[in-house]
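The chain contents come next:
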Amino acid sequence: MAAHSLSPPLSRLLFTVKYVSLHSRCCAVHSKAHYSTVYNPNEKTFDKILIANRGEIACRVIKTCKKMGIQTVAVHSDVDSSAVHVKMADEAICVGPAPTNKSYLNMDAIMDAIRVTGAQAVHPGYGFLSENKEFAKRLAAEGVMFIGPDTHAIQAMGDKIESKLIAKAAKVNTIPGFDGVVKTAEDAVKIAQEIGYPVMIKASAGGGGKGMRIAWNDDETREGFRFSSQEAASSFGDDRLLIEKYIDNPRHIEIQVLADKHGNALWLNERECSIQRRNQKVVEEAPSTFLDPVTRRAMGEQAVQLAKAVQYSSAGTVEFLVDSKKNFYFLEMNTRLQVEHPITECITGLDLVEQMIRVAKGYQLQHKQEDIPINGWAIESRVYAEDPYKSFGLPSIGRLSQYQEPLNLSNVRVDSGIQEGSDISIYYDPMISKLVTYGATRNEALAKMEDALDNYVIRGVTHNIPLLREIITHPRFISGDISTNFLPEVYPDGFKGHQLEVDARRELLASAAALYIAAQLRSQKVLGDQRSFKKRICLQVEVDGGKVEVIGAFNLASPLLPLTINGSDRMLQVFKVRVLSKLASELNSYMPEKVPEDTSSILRSPMPGTVVAVSIKPGDTVAEGQEICVIEAMKMQNSLTAARQAKVKSVHCKPGETVGEGDLLVELQ
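Treat the numbers as computed from the prediction; the structure is a model and nothing was measured. (Residues numbered from 1 in each chain as written. Predicted model: local features only at pLDDT ≥ 70, side-chain atom pairs only at ≥ 80, totals over all residues. Heavy atoms only, no water.)

### Overview of the overall build of the protein chain
Part 1: Along the protein chain, the regular secondary structure elements total 17 helices and 37 strands.
Part 2: The C-alpha radius of gyration computed for the protein chain amounts to 26 Å, which stays within 12% of the reference 26 Å derived for 669 residues, consistent with globular compactness.
Part 3: Across its three principal directions, the C-alpha atoms of the protein chain cover 75 × 70 × 60 Å.
Part 4: Counting the 669 residues in the protein chain, one finds 54% classified as buried.
Part 5: Expressed as a percentage of contacts within the protein chain between residues at least 6 apart in sequence, the contacts between residues at least 24 apart total 66%.
Part 6: Split by element, the accessible area of the protein chain, about 29,100 Å² in all, is 51% carbon and sulfur. (Helix = DSSP H or I, 4+ residues; strand = E, 2+ residues; numbered from the N terminus. Rg over C-alpha atoms; globule rule 2.2 N^0.38 Å. Buried < 20%, exposed > 50% of the residue type's maximum accessible area, 1.4 Å probe, protein only. Contact = heavy atoms within 4.5 Å. Areas by Shrake-Rupley, 256 points an atom, 1.4 Å probe, with all protein chains shown as cover.)

### Focus: the packing of helix α12 (residues 442-454) against helix α13 (residues 465-473)
Part 1: Contact geometry of α12 with α13 gives a least axis separation of 10 Å together with a crossing angle of 160°. Between α12 and α13, the angle is such that the two are roughly antiparallel. For the crossing formed where α12 meets α13, the hand is left-handed. Taken together, the residues of α13 that come into contact with α12 (itself represented by L446, M449, E450, L453 and D454) are I465, L468, R469, I472 and T473.
Part 2: Of the residues in the contact of α12 with α13, the class split is 6 nonpolar, 1 polar and 3 charged. (Axes fitted to C-alpha atoms, helices over the stretch in contact; angles between N-to-C directions. Parallel < 35°, antiparallel > 145°, perpendicular 65-115°, else oblique. Left-handed = near helix turned anticlockwise from the far one by under 90°. Nonpolar A, V, L, I, M, F, W, Y, C, P; charged D, E, K, R; others polar.)

### Topic: the packing of aromatic side chains
Part 1: Tallied over the entire structure, the rule returns 10 aromatic pairs.
Part 2: Each ring, one from F320 and one from F328, has its centre 5.4 Å from the other, and the planes form 90°; the classification is edge-to-face. F328 carries the same exposure label as F320, and that label is buried.
Part 3: With a centroid separation of 5.2 Å and 20° between ring planes, the pair formed by Y389 and F495 is classed as stacked. Remark: F495 occurs in the loop between α15 (486-490) and α16 (502-523) and Y389 occurs in the loop between β18 (386-387) and β19 (394-395); sequence separation between them is 106 residues.
Part 4: One residue, R442, lies across the ring of F477, its end atom 5.0 Å from the ring centre. (Phe/Tyr/Trp six-rings, centres within 6.5 Å; stacked < 30°, edge-to-face > 60°. Lys NZ or Arg CZ within 6 Å of the ring centre and 35° of its normal.)

Below is the structure:
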């Protein structure tokens, strides 16, 4: 893999790394993929493509490029110098330091990388510059192809205000609201009162749940205006906002569209994206359990009408809110590859990245609408480095000390951009991977997802797999009774983890005891004895007066422990625990307990991040619920408030400082 030098004034770090091949991570049954990349040597596309992104989406694009015989160029920040996407690419260039505005959003540096490497086209992935019309214009000016729609479509659909007007003109159902730019907080309050609460305040540019707030009253509107504009400016460089009626308790269902430069456009069925936290998707599936064929076609046809209205050419997504009576309303159009595109690939068999590359080169679509199937069912779980016990997921940082994807299972696809030893930092999105399972039916896909989550090993950071598993096994989710309010409705007091029933608790205790005995037996084996634990052994364990049979090979070197417990197969993960003797347990009850910290008098950071604002100073009197400071973590702003009315004793942070989880921010008297 080659590295290149840029002009001396830029002073950017470059380096040489060796290409490292990685396991294929497509949805597969044995060697058969559920989407196909067809390389036709007679269909010339590009010799070299630069991927203006990082992480899993950069890896995803590189995989298809390699199958198509296209060389790839990775760009990266200095902290990403050893990232997986850098190792996968044929060439790599550092475009700046860690902050996104100095690297992955640094158009000058990326344009220099294009010139140096001679890349003929750029795939932007999602986020960053993927919906930036100025970037697309600069590429066009230098004769470099942007693998996405033209600047007109990006402008029209990237601006939520303009896109709503175009959607109305194209006879697409739209949500009632204000069709202009909201300039001040007081303007926002006036508009919200005219529309009627609740309202949704959201960034005119961008997406991904950033720059979005729901307001139920005037005070929340003022606060929402401030945070939404700040997040929008930070994430998209555009702080314009719009306000529209908030449809309470809806489903979020989107239509994948694909169009070429010859006026052809298709809808590739829907994706159900209602399981969300903070307006960001957590679990998606295709198709939706809610749509009937008539509604599906109506939504698909309106999505295509909108795409044709802006002469759209590439893969894109039209998002809708759908109420309980199957009325649907246009939400926005994302003019890029969507995060959750793998589930569409699984049920249609199409490689969307390949289709984007073909369209960018000028080829017509290969398929007609009647060719687009719904084959089976696919589910995607977004695996995040987050603490699910805090607001359903606050960011966690750290190094992956152990990492093992469940690729030993059939019908499992993992789109990731990390590996064992990778760092999860405060600078970027906390996503670890997209875990996708496929089945002939929804029940098969769900069962496979449960197995995949149980077999997924992640150590070194806190992650959201416990929450994901609870979601996909919850009776409401299994029955399809979901909406965007699923998480707060099912867990009104927050996610507390899996609550063990009596039998499950007994089985878990028996498994731990059996593992302890297995470890003791291993320590007693004679040196050179190769017989230990090559065969499954059976242990009878008594717990609380009941007997539990535990059978397994007890491979203590593996983090995964497959056991048969009372005749049922189980997959357990092995962690270090302390097992006390009966005497030690009795004596332990006399040990003094640690007194919990009085959190009403102090404020600690609930997550690692950067202090954006401090609203108080020593000597100030704050009211209960009053904002004290704002922490930005992974491009999301979080307002921290006072737990009670008090006088500020001391302030231990200031804007611009980086803080860790648990760091002391403010003391109250």
